[in-house]
Amino acid sequence: MTHQAPPLTPMSLPMLLRRIEHEWTTRKRIFDLPTARFWKPDPDVDLSFDFLGRRAASPVGPAAGPHSQMAQNIVLSWLGGSRLFELKTVQILDELEIARPCIDMETIGYNIEWSQELLVHESLEEYVKAWIIIELLTRWEPLHEYIGGPDDGGPGPHVFDMSVGYDLAGIKSEKVAGFIDAMHDATDEIERLRSQIPDDSVFAEFRDIDIPSHISDTITLSTFHGCPPDEIEQITKHLIEAHDIDVIVKLNPTLLGPEGVSNIVHDRLGYEYVELVPSAFDEDLPFDRAITLIDDLHRFALDHGHRFGIKLTNTLVVNNHKQWMPDETMYLSGAPLHVLATAVLGKLSAALPGRFMIPGHDGPDADVDAPNGGGDIMVSFSAGVNKANLADTIAMGVRPASVCSDLLQPGGYGRLAPMLKALTKAVTESGAGDLDGFRS
């Protein structure tokens, strides 16, 4: 079953601000999210972490996907407690026709869409609109009771992390390179948009506030499926050299090999109906090459005064056995991907002892050439994260634990604050006061 669907239609900044004001006045909600689902940091527990040297007040946020494409979705995530936003992947091919339906959350989680549904310049505007709205809401006194105000530390810092793909030629293009540069310095876009704040809005008083123009200088590189290892290496080095940027490289669960993935998905977890695609393993980055790639890119970044990290993991290519979505293959997420990603982390950490920012990687095998004696490759995690497993995930030392599939379940962005409250409780009960002390 498939049907034509209209493209996404972004709402203007004035429209978004008027909606916020109307909903707050009439129902005390913002984009239909009730205040009971807003997150306010606990002053006694520090959930902040360093994302490539940039402070974020909580270790959760939306993964690059449907939750980080539109301005209102980013704002909703922020209200719910997200402080690290992996923005939807931008690429040169921005006039895509996305087959519908493209997301299936009936059971595990599957999708067939893989890139932004907006033109690149529209994506830039959405991200800048979200950036501006968050700056306004941070200062808006009626929200201080629910998200924190100047007297209690406020909602805390947040980080916008770009995501780009999928080949070197596209990333070097004027379109994508211009996007990256505009996120580095969004002065022109901010000034254009701030003039649109309505005169009769409650936000008019903030029109002339200082809004930081430096929105993002980090990139999570989406290598997607089948990206050649040499291409990954060249893209990463290009981004570091040409754009003066810190880079995280997203890896795939196929690093476990077909037998390793089958053992977990079919034998141990019992998802016998999931049909693996053999060619996906042939085309993806092999494990041995991944080890040399991580090592080489880590040292390249250090030599150029930058930080490097990895992200675990991308989705898993499987056959479309359900035939509900129109493509022959689809991308698996959710619960089984969580186990696969954890297994990938275990395999990589054993092969590269002393290199990652996780427990056990600061001992005698640490990289003595690294600034801190080792353990300085950040591990970002996104795979089936939910309220039940967030604390255990964070305890592994990964930062952040970004979310996608769980936010597509009933409750949507309202599921974030309960996650953070459960994490806060786990940290407190462990006797720790912050995430550095909360490790397995």
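Structure: above.
Cut-offs applied
Residues numbered from 1 in each chain as written. Predicted model: local features only at pLDDT ≥ 70, side-chain atom pairs only at ≥ 80, totals over all residues. Heavy atoms only, no water. Helix = DSSP H or I, 4+ residues; strand = E, 2+ residues; numbered from the N terminus. Rg over C-alpha atoms; globule rule 2.2 N^0.38 Å. Buried < 20%, exposed > 50% of the residue type's maximum accessible area, 1.4 Å probe, protein only. Areas by Shrake-Rupley, 256 points an atom, 1.4 Å probe, with all protein chains shown as cover. Lys, Arg positive; Asp, Glu negative; His and termini not counted. Charge placed at Lys NZ, Arg CZ, Asp CG, Glu CD. Expected span 1.5 Å × (residues − 1). Contact = heavy atoms within 4.5 Å. Pairing = 2+ DSSP bridges. Core = buried A, V, L, I, M, F, W, Y, C linked by side-chain atoms within 4.5 Å. Polar contact = N/O pair within 3.5 Å; in protein donor to acceptor, adjacent residues only side chain to side chain. Arc of directions from axis to C-beta. Salt bridge = Lys/Arg side-chain N within 4 Å of Asp/Glu carboxyl O.

K.L.:
Teacher, can you tell me more about the overall build of the chain here?
P.N.:
Regarding its fold elements, the chain presents 14 helices and 16 strands. On C-alpha atoms alone, the chain measures out to a radius of gyration of 21 Å, which is about the 22 Å that the 2.2 N^0.38 rule sets for 440 residues. Oriented by its inertia axes, the alpha-carbon framework of the chain measures out at about 60 × 55 × 45 Å. The 440 residues of the chain split such that 60% are buried. Taken as a whole, the chain presents about 17,500 Å² of accessible surface, with 49% of it coming from carbon and sulfur. Both charge centroids of the chain, one from 35 positive and one from 66 negative side chains, sit 6 Å from each other.

K.L.:
Would you explain helix H9 (residues 257-268) in this entry?
P.N.:
Since the α-helix advances by 3.6 residues per turn, residues separated by three or four positions end up pointing in the same direction. The end-to-end C-alpha distance of H9, which contains 12 residues, comes to 16 Å, matching closely the 16 Å that a straight helix rising 1.5 Å per residue would cover. Against the buried residues of H9 lie helix H10 (278-283), strand S13 (316-319) and helix H12 (335-351).

K.L.:
I tried to follow the environment of Val 128 on my own but got confused; where do I start?
P.N.:
The topology assignment puts Val 128 in helix H3 (residues 120-139). Those residues in contact with Val 128 that sit more than four places away from it in its chain are Ala 186, Glu 189, Ile 190, Leu 193 and Ile 215.

K.L.:
How do you make sense of the sheet that holds S13 when you look at a structure like this?
P.N.:
As a general point, the strands of a sheet are linked pairwise by backbone hydrogen bonds and lie either parallel or antiparallel. The strand order across the open sheet formed by 4 strands is S7-S8-S14-S13, and the pairing between neighbours is antiparallel. Edge positions in the sheet fall to strand S7 (103-104) and S13, since each of these pairs with one other strand and no more. With 2 bridges joining them, strand S8 (residues 110-111) and strand S14 (residues 329-332) adopt antiparallel strand pairing. Residue pairing across strands places Asn 111 opposite Tyr 331, the latter belonging to S14.

K.L.:
Quick question: what am I supposed to make of the nonpolar core here?
P.N.:
Soluble globular proteins: nonpolar side chains tend toward being buried together. Counting residues in hydrophobic clusters, the biggest one holds 133 residues, and the most contacted among them are Phe 179 and Leu 348. Beyond its immediate chain neighbours, meaning those up to four positions away, Phe 179 contacts Val 90, Val 120, Leu 124, Tyr 127, Met 162 and Val 164.

K.L.:
Explain unusual backbone geometry here, please?
P.N.:
Peptide bonds are trans in most cases, and residues, glycine excluded, mostly fall at negative phi. A cis amide bond links Arg 100 with the next residue in sequence, Pro 101, at an omega value of -5°. Topologically, Pro 101 is positioned in the loop between strand S6 (84-86) and S7. Cis geometry marks the peptide bond from Leu 312 to Thr 313, where omega comes out at -15°. Structurally, the position occupied by Thr 313 is in the loop between strand S12 (308-312) and S13. In this structure, Phe 31 is a non-glycine residue whose phi angle is positive, near 50°. Its place among the elements puts Phe 31 in the loop between strand S1 (29-30) and strand S2 (33-34). Located in the positive-phi region is Asp 244, a residue other than glycine, with phi close to 55°. The topology assignment puts Asp 244 in the loop between helix H8 (229-243) and strand S11 (246-251).

K.L.:
Please explain the side chain of Ser 216 as it appears in this structure.
P.N.:
If you trace the backbone, Ser 216 turns up in the loop between helix H7 (187-194) and strand S10 (218-221). Residue class for Ser 216 comes out buried when judged on its relative accessible area of 1%. Of note is the side chain of Ser 216, whose polar atom sits 2.8 Å from the backbone oxygen of Phe 160. Those residues in contact with Ser 216 that sit more than four places away from it in its chain are Phe 160, Asp 161, Met 162, Met 183 and His 184.

K.L.:
I'm lost on H7 in this one. Help?
P.N.:
Taken as a whole, H7 has its buried residues at Glu 189, Ile 190, Leu 193 and Arg 194. Each buried residue of H7 sits inside an arc of 125° when the element is viewed along its axis, so together they form one side. Considering only its buried residues, H7 is in contact with helix H1 (13-27) and H3.

K.L.:
Just to check I follow, could you spell out the side chain of Ser 77 for this structure?
P.N.:
With respect to the helices and strands, Ser 77 occurs in helix H2 (residues 71-80). Taking the relative accessible area as the measure of exposure, Ser 77 reaches 0% and is therefore buried.

K.L.:
What is the right way to read the pattern of salt bridges from this model?
P.N.:
Opposite charge on two side chains makes pairing possible when the charged atoms of those side chains draw close. For the structure on display, the rule yields 30 salt bridges. Glu 429 is the salt-bridge partner of Lys 425, the closest N and O atoms lying 4.0 Å from each other. Of this pair, Lys 425 and Glu 429 both sit in helix H14 (residues 416-429), 4 residues apart, which is roughly one turn of that helix. Of the two residues, Lys 425 and Glu 429, both sit in the exposed class. Overlapping salt bridges bring together Arg 19, Glu 23, Arg 27, Arg 29 and Asp 32 as one network.

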